[in-house]
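The chain contents come next:
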Amino acid sequence: MNVIAQGSGKVFADPDADKARAFFRKKNRKMVSKLMTVKEAVEKFVHDGDYLCIGGFGANRIPAAVCHEILRQGRKNMAFAGHTSTHDFQILCAGEVFNKLDVAYIVGLEARGLSVGARRYMESGKVEISEWTNYSLSVRFKAGAAGVSFYPARNIMGTDTFKYSGAKIIECPFTGTKYAAMPAIYPDVSALHVHEADIYGNCRIRGITVSDLDVARASKHLIITCERLISNEEIRREPSLTVIPYWCVDAVCEVPYGSYPGNMYGEYFSDEDHLREWLKVEENPEEFKKFLDKNIYGCKNHFEYIEKNGGLERLQVLRQKELMFTGARS
Amino acid sequence: MRGDKEVIKKVTPMEIATYAASRYCTNGMTVFVGVGLSLLPAQLAQKTMSPDITIVYEGGSIGATPIGRVPWGIDDTVIQANAECETDVVTTLGCMAQGGRVDLTYLGAAQCDRYGNLNTTVRGHDFMRPAVRLPGSGGAHDLAVGSKNFLVIMNHRADRIVDRVDYRTSPGFCEGGRSRWKVWHMTGGGPAAVITDLAVLKPNPVNFELEIAEVHPFTTTEEVKKNTGYDIKVRPDVRETDLPGAEEIGIIREELDITGDFTGWKKLFKK
């Protein structure tokens, strides 16, 4: 196929479908219990230099516990998919976890403002960047999920984003239409937070799914944190609710309030006070270091983090707030 | 133009912009919105003259009708709770935007150039060591390419409405003329207007350069030109922007931007 033009950005994840297939051919698909702690899951499946993807959209349904644990275990030199990524990105920047980055949406926390900490890291020159868009990264995961090496899209041409991307422009063999070929991403490891899962990793999600279902299917290793464990009988009672099948999953960690301080649809609202405090404290590097020591490095796990920020009492307030908004449907 | 400063004692520039932008939304449209200021016009339209629009957020919420307050982001519960469908990005930006099912999109930007190209990626000219790193495209680029038309809402300053953007994230009319379609094979129609806190800019139908089409009543064409980073032309039929009525202002203040964070209306009541 003729390449008409190509961007100068690097492709950080190998799009080779044959290599991915060879990996998945050998990967165990046995239906065994994958229950473990977040600490064990990160020790086992997240390595220096890996390509990492974090699920959720913005601060919605993010695996915050996994992000914190990655910092505590000091992972470095990772590649990261900055796809609809806000508070999770802010956390990973605080630990300078990655130095290779696919950008679609980073640095901002939507209407809450820009993260000074994330900006500082991104403006330091320490991070190698390829630019994409949300749709581009979505179809890169879609290609990975389908087991092919690229996916055609009609976007990105005619912009600086194409110039700094790793996309290539090709011509459709059927119609002659120009497409940007988006290389597949097969993440080495991804982490998603879901509403319910059984011990084998069959998952249920409520609300928007973003690109998470494709991310789950494209990833070589997948860590699931869930609000609640449910029985396999319950999964089998209503299998149409299962959006991620167990054989995609490597670790299942039960972490109630696992998206805190982000929101979880139908469960609890985001802790806007805490997110605001986070954005504010980043402005002073000394204070920020103390803040991170208190909230991440000095915590054993996610429960201790929540305990330090109001505990069950605070969560109850966030829960009521969420139910008030979801109750607005009547 | 009047340059009537009395006007902004009763209504803020961003309320005028929100109202102006809301009028592009008509019944039956499928409308995409982003975060911050770009959230408000579609919601205002939905609550006033165009109740039958379908509002879509790229995260996967389709048919959203947020109640209670302005969402923090397009993943916010108030968006998800009242929607008709919760799905994924390939459906919203792929099936809908790329597939031709989106009529109008509201976008914000850090910079906009004379051809309506938008920058939301970096300020400064060294990409690797930018003066300011911004969020990047998000889904804005994908919507700027695929949506039938889009509207830009932003503040009007000489370093923001510029001759050339520092970085072209979301395409407007590219290099002008027919280049958007002839050279870059884009599907959608590009920006219908750029609506700022001072004026409404619209593309010239031949060279596609943005021109001053409407000026908000409290300012003048001279002021608008002074705050524009290129030698902007004034349309021969330039007129004053319509002001929102009591109903629209009431909805903005009491139902949409209750805290005043986006339109700044609370400042009107401070001594």
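What counts, and where the lines are drawn
Numbering of residues starts from 1 in each chain and follows the order in which that chain's sequence is written. Here the convention is simple: chains get letters from A, ligands get numbers from 1, in the order in which they are written. Whole-chain, interface and lining totals are the exception, using all residues; otherwise, since this is a predicted model, local features are given only for residues with pLDDT of at least 70 and side-chain atom pairs are given and counted only at 80 or more. Where side-chain values are given, they derive from all heavy atoms of the structure, hydrogens and water being excluded. Strand pairing is assigned whenever DSSP identifies at least 2 bridges connecting the two strands. Going along the chain from the N terminus, every DSSP run of H or I of four or more residues is numbered as a helix, and every run of E of two or more is numbered as a strand. Any two residues whose heavy atoms approach within 4.5 Å at even a single point are treated as in contact. In this analysis an axis means a line fitted to C-alpha atoms, helices contributing only their contacting stretch, and an angle means the value between N-to-C directions, from 0 to 180 degrees. Planes of paired rings set the category: under 30 degrees apart is stacked, over 60 is edge-to-face and the rest tilted, where pairs are Phe, Tyr or Trp rings (Trp by its six-membered ring) whose centres lie within 6.5 Å. Exposed residues in this analysis have more than 50% of their type's maximum accessible area, buried residues have under 20%, and partly exposed residues fall in between, with area computed by a 1.4 Å probe over protein chains only. Definition used: whenever NZ (Lys) or CZ (Arg) falls within 6 Å of the ring centre and also within 35 degrees of the ring normal, the charge is taken to sit over that ring.

> Report on the pairing of strand β2 (residues 54-57) of chain B, specifying residues and quantitative values.
Residues and elements named next belong to chain B. In the sheet, strand β1 (residues 30-33) pairs with β2 via three bridges, with the strands oriented parallel. Paired with Thr30 across the strands is Thr54, a residue of β2. Note that β2 and strand β3 (residues 61-62) share two bridges and pair antiparallel. Each residue of the ladder has a partner; that of Tyr57, found in β3, is Ser61. Here β2 folds back onto β3, and the loop between the two strands holds three residues, one of which, Gly60, carries a positive phi near 135°.

> Can you tell me about the sheet that holds strand β15 (residues 234-240) of chain B, naming the residues and giving the values?
All names here are of chain B. With mixed pairing, 10 strands are arranged side by side in an open sheet as β4-β3-β2-β1-β5-β10-β12-β13-β14-β15. Two strands close off the open sheet at either side, each with one partner strand: β4 (85-86) and β15. On the sheet, helix α1 (residues 13-22) packs against β5 (104-107), β10 (149-154), β12 (191-196) and β13 (199-203) and is oriented at approximately 165° with respect to β12. Packing against the sheet, helix α4 (residues 89-98) makes contact with β1, β2 and β3, and its axis sits at approximately 135° to β1.

> Outline the packing of aromatic side chains, supporting the account with residue identities and numerical values.
By convention here, two paired aromatic rings are described through the distance between centres and the angle between planes. Counted under the stated rule, the structure contains 17 aromatic pairs over all chains. When the ring of Phe89(A) is compared with that of Phe98(A), the centres are 5.4 Å apart and the planes differ by 35°; the resulting orientation is tilted. Side by side, Phe89(A) and Phe98(A) carry an identical accessibility label, which is buried. Note on Phe173(B) and Phe208(B): the rings are 4.7 Å apart at their centroids and 40° apart in plane angle, and the pair reads as tilted. Here the residue Phe173(B) occupies a position in the loop between β11 (161-162) and α6 (179-182), and Phe208(B) occupies one in the loop between β13 and β14 (210-215), the gap between them amounting to 35 residues. Take Phe173(B): its relative accessible area is 2%, and that puts it in the buried class. Grouping aromatic residues by their ring pairs yields a cluster made of Phe80(A), Phe89(A), Phe98(A) and Tyr121(A). We note Arg140(A) situated over the ring of Trp132(A); from NZ or CZ to the ring centre the distance is 4.1 Å. Of note, Lys220(A) hangs over the ring of Phe23(A), and the distance from its end group to the ring centre comes to 5.8 Å.

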